[in-house]
Amino acid sequence: MRDVQGQGQQGQGKHWDPVCGKQLETLESQPSSEYKKRRYFFCSERCRHAFERQAERFRLNELARVGALMTPGRVRWGLA
């Protein structure tokens, strides 16, 4: 699984741009944005701007990828 949010974990794990999926090497000089108490890092200002226009969509897609919307035997309707 990909660690999309930096969340102050510099130097730990891999960080990915949630818009284009590019792996980020360093986080110090990268554009970033905070959404719902999480910090997201981007490879460019263009990706940051795209994220800010549709932040909730990117957040829900990431939750769906890791299985947070699915519970054993049930689907949470209306969220996906």
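Described in the following lines is the structure provided in the data block. (Residues numbered from 1 in each chain as written. Predicted model: local features only at pLDDT ≥ 70, side-chain atom pairs only at ≥ 80, totals over all residues. Heavy atoms only, no water.)

**Some words on the packing of aromatic side chains**
How we decide: Centres within 6.5 Å are what make two rings of Phe, Tyr or Trp a pair, Trp counting through its six-membered ring; a difference in plane orientation under 30 degrees is then read as stacked, over 60 as edge-to-face, and the rest as tilted. The rule for a charge over a ring is simple: NZ of Lys or CZ of Arg within 6 Å of the ring centre, and within 35 degrees of the ring normal.
Counted by the stated rule, this structure contains four aromatic pairs. Of the aromatic side chains, those joined through ring pairs into one cluster are Tyr35, Tyr40, Phe42, Phe51 and Phe58. We note arginine 57 situated over the ring of phenylalanine 58; from NZ or CZ to the ring centre the distance is 4.9 Å.

**Quick look at the pattern of salt bridges**
Cut-off, in case you're wondering: Any Lys or Arg side-chain nitrogen located within 4 Å of an Asp or Glu carboxyl oxygen qualifies as a salt bridge. We count a stretch as a helix when DSSP gives it H or I for four or more residues in a row; a strand needs E for two or more, and each element gets its number in order from the N terminus. Each residue's exposure class comes from its accessible area (1.4 Å probe, protein chains only) as a fraction of the maximum for that residue type: buried when under 20%, exposed when over 50%, partly exposed otherwise.
Counted according to the given criterion, the structure contains five salt bridges. As a salt-bridge pair, arginine 48 and glutamate 45 come within 2.7 Å of each other at their nearest N and O atoms. Residue arginine 48 and its partner glutamate 45 are both found in helix H1 (residues 45–53); the two are separated by three residues, about one turn of the helix. On the basis of relative accessible area, glutamate 45 is assigned to the partly exposed category, the value being 46%. Put simply, Lys36, Glu56 and Arg59 are held in one network by salt bridges that share partners.

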